[in-house]
Amino acid sequence: MENKRLLIVANPKSGRAKVKNNLLQIVQIFSDAGYEVTVYPTKSSGDATQKVASLNQGEFDRIVVCGGDGTLNEVITGAMRADLKCTFGYIPLGTLNEWSSSLNISRNALEAAKDIVSGKEIDLDIGRFDDKYFTYTASFGAFTEASYSANQDVKNVLGQAAYFFEGIKSLSNIKPLHLKFKCDEREIEDDFLFGAISNSMSVGGIVKFNDSVVKLNDGKFEVLLIKNPTTILQFQSIVDGILRKDLTRNGIEFFQTDEITVIGGADVPWTLDGEFSAGQDKLVLSNISSAIHLIVPNTTEIN
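Fair warning: this is a prediction, and the values are worked out from it, not measured in the lab. (Residues numbered from 1 in each chain as written. Predicted model: local features only at pLDDT ≥ 70, side-chain atom pairs only at ≥ 80, totals over all residues. Heavy atoms only, no water.)

Peer 1: Please clarify how helix H3 (residues 69-81) should be interpreted in this entry.
Peer 2: Helical geometry note: an α-helix holds 3.6 residues per turn, so side chains three or four residues apart project in the same direction. Helix length check: H3 (13 residues) gives 18 Å between terminal C-alpha atoms against 18 Å at 1.5 Å per residue, within 8%. Listing the buried residues of H3 in full gives Asp69, Gly70, Thr71, Leu72, Asn73, Glu74, Val75, Ile76, Thr77, Gly78, Ala79 and Met80. A positive phi of about 50° marks Asp83, the residue just after H3. (Helix = DSSP H or I, 4+ residues; strand = E, 2+ residues; numbered from the N terminus. Expected span 1.5 Å × (residues − 1). Buried < 20%, exposed > 50% of the residue type's maximum accessible area, 1.4 Å probe, protein only.)

Peer 1: Looking at this model, I keep getting lost on the side chain of Arg249. Mind explaining?
Peer 2: Within the secondary structure layout, Arg249 lies in the loop between helix H9 (232-243) and strand E13 (252-257). Its relative accessible area of 19% is what places Arg249 among the buried residues. A distance of 2.9 Å separates a polar side-chain atom of Arg249 from the backbone oxygen of Ser237. Those residues in contact with Arg249, other than ones at most four positions away along the chain, are Ser237, Asp240, Gly241 and Arg244. (Polar contact = N/O pair within 3.5 Å; in protein donor to acceptor, adjacent residues only side chain to side chain. Contact = heavy atoms within 4.5 Å.)

Peer 1: Hey, could you run me through unusual backbone geometry in this one?
Peer 2: Outside of glycine, negative phi angles account for most residues, and trans bonds account for most peptide bonds. For Asn104, which is not glycine, the phi torsion reads 65° and is therefore positive. Asn104 sits in the partly exposed class, given a relative accessible area of 42%. For Asp184, which is not glycine, the phi dihedral falls at a positive 50°. By the secondary structure assignment, Asp184 is in the loop between strand E8 (177-183) and strand E9 (186-198).

Peer 1: What is the right way to read the nonpolar core from this model?
Peer 2: It is characteristic of soluble globular proteins that their nonpolar side chains tend to be buried jointly. Within the largest apolar cluster, 60 residues are counted, with the highest numbers of intra-cluster contacts made by Phe30, Ile63, Phe88, Ile91, Leu103 and Leu294. Formed by 21 residues, the second largest nonpolar core is a distinct cluster that contains Phe129, Cys183, Phe192 and Phe255. (Core = buried A, V, L, I, M, F, W, Y, C linked by side-chain atoms within 4.5 Å.)

Structure below.
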């Protein structure tokens with residue numbers, strides 16, 4: 001009987017280079033489960049996208065990402081561009097890994113590998129950002145620059161604190177962004193401090209949604225927009241609302257949609273799954289429902 005084929009796409013620089021310490025054991029776990037394993041270490045930014053996009057349909061039964069959310073984004077982007085039908089696994093070795101945490105994927109590399117062998121397959125939505133893709137969030141404004149401007153070596157040493165310190169440095173530079181959002185029957189134009197179009201239980205480790213609100217394969221984005229507060233009291237109310245998961249406060253816009261158009265953001269930098277992306281005067285973000293198949297632990301429950 002021919003072995004099943006599995007490709008590991010590994011980022012040697014993710015999360016204190018933990019992949020180097022565990023790679024042989026990870027390969028052994030997959031080999032023992034009957035997989036013929038190929039390992040591809042990434043060489044530079046964008047390399048994983050090119051590699052996966054170049055694969056032939058059916059060349060691998062599973063593709064496993066060893067790295068952070070940025071590496072996962074590159075692999076999924078490559079698969080989406082090539083319309084590659086495959087089942088994915090994720091061994092999160094990055095600094096934050098907030099998306100994988102919401103899916104109960106272990107941060108222990110060996111445990112995550114075992115779950116990929118024995119776990120269950122779920123469908124997940126993927127976001128399209130013009131000609132790019134994102135797995136869990138596209139965001140702009142306050143603190144988003146910290147996710148891609150913090151040095152990788154600093155992130156490896158300080159972990160989540162690196163994002164905090166980088167965010168504090170950017171606070172003095174935060175300026176309201178005037179944008180227009182259009183979707184369905186809704187049109188919102190205002191000055192905004194922050195915005196996120198997401199398919200995740202949390203954004204940036206700060207904004208957390210109620211479990212009853214988010215479903216990861218319903219074909220809908222969760223859209224969160226924070227308007228520029230006009231008073232200190234309004235600012236305090238907004239912060240309190242976010243901390244209490246009360247997104248009905250004045251100054252907070254929260255709704256769901258399968259597609260949204262952003263107008264007037266040519267100079268607005270975005271972050272897609274923690275990686276920088278330039279803005280455009282007109283952007284269309286659309287939800288591709290149940291676009292990928294991901295192996296998660298049997299204990300994982302999605303709404």
